[in-house]
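A closer look at the structure
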Amino acid sequence: MQVSSLNEVKIYSLSAGRSLPEWLSDRKKRALQKKNVDVRRRIELIQDFDMPTVSTKIKVSRDGQYIMAAGTYKPRIRCFDTYQLSLKFERCLDSEVVTFDILSDDYSKIVFLQCDRYVEFHSQHGRYYRTRIPKFGRDFSYHYPSCDLYFVGASSEVYRLNLEQGRYLNSLQTDASENNVCDINPIHCLFATGTAEGKVECWDPRTRNRVGVLDCALSSVTADTEIDGLPSISALKFNGALNMAVGTSTGQVLLYDLRSNNPLIVKDHQYGLPIKSIQFQDPLDLIISADSRIIKMWNKDTGKIFTSMEPEHDINDVCLYPNSGMLLTANEDPKMNIYYIPVLGPAPRWCSFLDNLTEELEENPESTVYDDYKFVTRKDLENLGLAHLIGSPLLRAYMHGFFMDIRLYHKVKMMVNPFAYEEYRKEKIRQKIEETRAQRVQLKKLPKVNKELALKLIEEEEEQQPTRKKKQKNLPNILTDDRFKVMFENPDFQVDEKSEEFRLLNPLVSKISEKRKKKLKILEQQEAQEQEEEEEPEGKPSDAESSETSDDEKGWVEEVRKQRKLLRQEEKVKRQERFKEDQQTTLKPQFFEIKTGEEFRSFKDSAKKQKLINKTLGDRLKLEEKLGTLSVSDTTVGSKQMTFKLKKSGQQKKQQEAEKQHHQDRKNIRRSASHLKSKRGRRGPF
């Protein structure tokens, strides 16, 4: 069970909790439940409360005993018995369910609207009858007094099917191109349909006449909302005789009084996603609206947020269990979520133990972890010497690594590093001793890392103390700040004062550092005496020598010149040492393999190529123009024309020379055929 809190409202997610890996066999899962207490104590309110792939719709029967859910894949309907806390039955269908409704108090009469225009009627034994509507349906409502089913969909007509007579009646003709949703008021049976143009048309079923039209698209646009297109109606719900809530495709919820054309309140979800479901919670005057990303509960009078929930997966449908604080959701996930909110109401009668159980839960939510398995990457396996186990049953591939048994991991780690526990124990003992030492009265001790920097900060703080006003708050000190604690503990943060950058940026530090080094020696001597005597007498910081810094610009320039001169001398010494080492080393011949088809000329060609690569494009173009391989000329229209010759490889040049030589040989061998002229062909002029 996972517990979250928003606006001091506790939300218990009964579907969340310690989950087992999906690739475990049923036998291993049962064995793990016997051994692991946490897995055995997890809450599974309804057994197998899930779908193979996705759940699309979820509803509760009027008697509260059965929960019905539609999902895929394959298209199916599942009925759960709350008294038995398990699956009652499952039926597979020919096509996916768009929506369904339970006509009776139990599961004996159900109507399914499918995506292939078919309408199926089911009884207790299974499918009872099947018919088809002219256009693709999107929603339907049942009118109990007349036994009429009203279907809306991709058409301007509202189809009426009378279940008593078993035939279609005259349809209602609306002004809309398409109708998305519909609902019937349970008190005065007013029929309302939401159109694709953002309007709600209300009809009287007794006279079959339209009694009113609400333009919700215009009312949903306020000064704070940003809308890309025309809002269409995506959700519709009546509450009592006069109130009606309308959800738009752009994420707004409008609450209307049927006596007024203007909405009482407009609530924006701020996500721009279509509203999927709207529910009313009358005891607390709340409206529960949901899009595919979030479920919001807000006061219908003021619009103030009561609480909200954001599941991990997209939401398809929301159902509020009657007269309780339980909320059921159908998601884009196999598992259907169950939420229990004690503020909304008590737990249902069939799970009344939740009231006692939720009082004992901690507020901190639990994360889903596999305590019996360790996740390791391929690099971890190579370090442990277990790379040969890849592909065996001991390792289960997951994402960018593998899962392995935690016991095997600990055994191998002990064999690879048997002294790891001893090192860990010594480190813990050292930390405990340092914690106890910190409680005693100490002399001014400096950290092990960056001692000179710490001494500089201490001196600056001592200089600022007399000038600081009494009422002025103490500024934070870097030495006592936890954010900079690692800088004085980790040797990787040690300032290298011999580096070139440090010496040029801080030319005057060398003079001041000499005085600080004397202080450091005095403090180190005091620490050595303290360790010998194993006592820590009270002491005061030595301020016999005051730091005198010269801010004169001339002195700073001279110091910079001096540091640069020293750097040049050091670089010269390093160069001489490198030259001596080069003279002492004996060069050995290196052999290189020439690629096939290339001819070795000299090492200068490779050097020329490297120089040419390092040059800019402009320099290369100039060089090509000098060599004659590239020519740039202006045209008559003002543009430039560039011609170039491609360089040929050695193999191409060889082939070209061979062809040229072959043509020359053929030319030399060829004999003249002038002596073969026939006499018969010679004729005089006419």
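For the structure, see preceding data.
To keep things clear, this report deals only with the structure shown in the data block. (Residues numbered from 1 in each chain as written. Predicted model: local features only at pLDDT ≥ 70, side-chain atom pairs only at ≥ 80, totals over all residues. Heavy atoms only, no water.)

Section: the overall build of the protein chain
Along the backbone of the protein chain there are 14 helices and 34 strands. Residues classed as buried in the protein chain amount to 35% of the 686 residues present. In the protein chain, 46% of the contacts between residues at least 6 apart in sequence involve partners at least 24 apart. In the structure as shown, the protein chain presents an accessible area of about 46,800 Å², 49% of it carried by carbon and sulfur atoms. (Helix = DSSP H or I, 4+ residues; strand = E, 2+ residues; numbered from the N terminus. Buried < 20%, exposed > 50% of the residue type's maximum accessible area, 1.4 Å probe, protein only. Contact = heavy atoms within 4.5 Å. Areas by Shrake-Rupley, 256 points an atom, 1.4 Å probe, with all protein chains shown as cover.)

What to know about the sheet that holds strand S25 (residues 295–299)
Spatially, S23-S24-S25-S26 is the arrangement adopted by the four strands of the open sheet, whose pairing is antiparallel. Two strands lie at the open edges of the sheet, namely strand S23 (277–281) and strand S26 (305–309), each paired on one side alone. Strand-to-strand twist in this sheet, taken as the mean axis angle between neighbours without regard to direction, amounts to 15°. Taken together, the four bridges between S25 and S26 define a ladder with antiparallel strand orientation. Bridge pairing in S26 links Ile295 to Met309. (Pairing = 2+ DSSP bridges. Axes fitted to C-alpha atoms, helices over the stretch in contact; angles between N-to-C directions.)

Observations concerning the pattern of salt bridges
Under the counting rule described, the total for this entry stands at 18 salt bridges. Salt-bridge contacts for Arg130 lead to Asp94; the nearest nitrogen and oxygen are separated by 3.6 Å. Residue Arg130 is found in strand S10 (residues 127–132), and its partner Asp94 is found in the loop between strand S6 (86–92) and strand S7 (97–102); the two are separated by 36 residues along the sequence. Judged by its relative accessible area of 53%, Asp94 is exposed. Within this structure, Asp94, Asp116, Glu120, Arg127 and Arg130 form a network of salt bridges that share partners. (Salt bridge = Lys/Arg side-chain N within 4 Å of Asp/Glu carboxyl O.)

Looking at the environment of Tyr159
Topologically, Tyr159 is positioned in strand S13 (residues 157–162). Taking the relative accessible area as the measure of exposure, Tyr159 reaches 9% and is therefore buried. Sequence separation between Tyr159 and Leu149 is ten residues; the distance between their C-alpha atoms is 7.9 Å. Those residues in contact with Tyr159 that lie beyond four places of it in its chain are Pro134, Lys135, Leu149, Tyr150, Phe151 and Ser171. At 3.4 Å, the side chain of Tyr159 and the side chain of Ser155 are in polar contact. (Polar contact = N/O pair within 3.5 Å; in protein donor to acceptor, adjacent residues only side chain to side chain.)

Some points on unusual backbone geometry
Cis geometry is adopted by the peptide bond preceding Tyr73, which originates at Thr72 and carries an omega value of -10°. Turning to its location among the elements, Tyr73 is positioned in the loop between strand S4 (66–72) and strand S5 (76–81). Here the bond from Tyr73 into Lys74 is cis, since omega is 15°, no more than 30 degrees from zero. Secondary-structure assignment places Lys74 in the loop between S4 and S5. The phi angle at Leu85 is positive, at roughly 55°, despite the residue not being glycine. Its place among the elements puts Leu85 in the loop between S5 and S6. Owing to a relative accessible area of 25%, Leu85 belongs among the partly exposed residues under this scheme. Notably, Asp285 is not glycine yet its phi reads approximately 55°, a positive angle. In this fold, Asp285 is placed in the loop between S23 and strand S24 (286–290).

A look at the sheet that holds strand S22 (residues 265–268)
Ordered by their spatial adjacency, four strands build an open sheet running S19-S20-S21-S22, and the pairing between neighbours is antiparallel. Both outer strands of the open sheet, strand S19 (233–239) and S22, are each paired with one neighbouring strand and no more. Recorded for the sheet is a direction-independent mean angle of 15° between the axes of neighbouring strands. Bridge count between strand S21 (residues 252–257) and S22: four bridges; the pairing is antiparallel. Counted as the bridge partner of Gln252 is Asp268 from S22.

A few points about the side chain of Asp291
Within the secondary structure, Asp291 sits in the loop between S24 and S25. Despite its burial, Asp291 remains without a salt bridge, the nearest opposite charge being carried by Lys296 at 7.1 Å. One polar contact links the side chain of Asp291 to the main-chain amide nitrogen of Arg293, over a distance of 2.9 Å. Only 2.8 Å separates the side chain of Asp291 from the backbone nitrogen of Ile294, close enough to count as a polar contact. (Lys, Arg positive; Asp, Glu negative; His and termini not counted.)

A few points about the packing of aromatic side chains
On inspection of all chains with the given rule, the structure shows ten aromatic pairs. Between the aromatic rings of Phe100 and Phe112, the centroid separation amounts to 5.7 Å while the plane-to-plane angle is 40°, which identifies the pairing as tilted. Highlighted residues: Phe100 in strand S7 and Phe112 in strand S8 (residues 110–114), separated in sequence by twelve residues. Its relative accessible area of 1% is what places Phe100 among the buried residues. Since its relative accessible area comes to 1%, Phe112 is described here as buried. Each member of the aromatic cluster is reached from another via a ring pair, and the members are Tyr66, Phe89 and Tyr107. The ring of Tyr118 has Arg130 lying over it, and the distance from NZ or CZ to the ring centre is 3.7 Å. (Phe/Tyr/Trp six-rings, centres within 6.5 Å; stacked < 30°, edge-to-face > 60°. Lys NZ or Arg CZ within 6 Å of the ring centre and 35° of its normal.)

Points about the nonpolar core
Counting residues in each nonpolar core, the largest one holds 24 residues, and the members touching the most others are Ile58 and Met326. Put simply, the parts of the chain that give this core at least two residues each are strand S3 (54–60), S4, strand S28 (326–331) and strand S29 (337–340). The residues contacting Ile58, other than those within four sequence positions of it, are Phe49, Ile67, Met68, Ala69, Phe100, Asp317, Cys319, Leu328, Thr329, Ala330 and Met336. Val9, Leu286, Ile315 and Tyr339 belong to the second-largest nonpolar core, a separate cluster that totals 15 residues. (Core = buried A, V, L, I, M, F, W, Y, C linked by side-chain atoms within 4.5 Å.)

Observations regarding the pairing of strand S14 (residues 167–173)
Strand direction decides the pairing type here: S13 and S14, joined by five bridges, are antiparallel. The residue of S14 that forms the bridge with Asn162 is Arg167. Following S13, the chain reverses through four residues before pairing antiparallel with S14; Gly166 in that reversal takes a positive phi of roughly 75°.

Some remarks on the side chain of Thr307
For Thr307, the location among the structural elements is in strand S26. In contact with Thr307, not counting residues within four places along its chain, are Leu6, Asn7, Val9, Ile11, Ile295, Lys296 and Met297.

So yeah, pure geometry; function would need other evidence.
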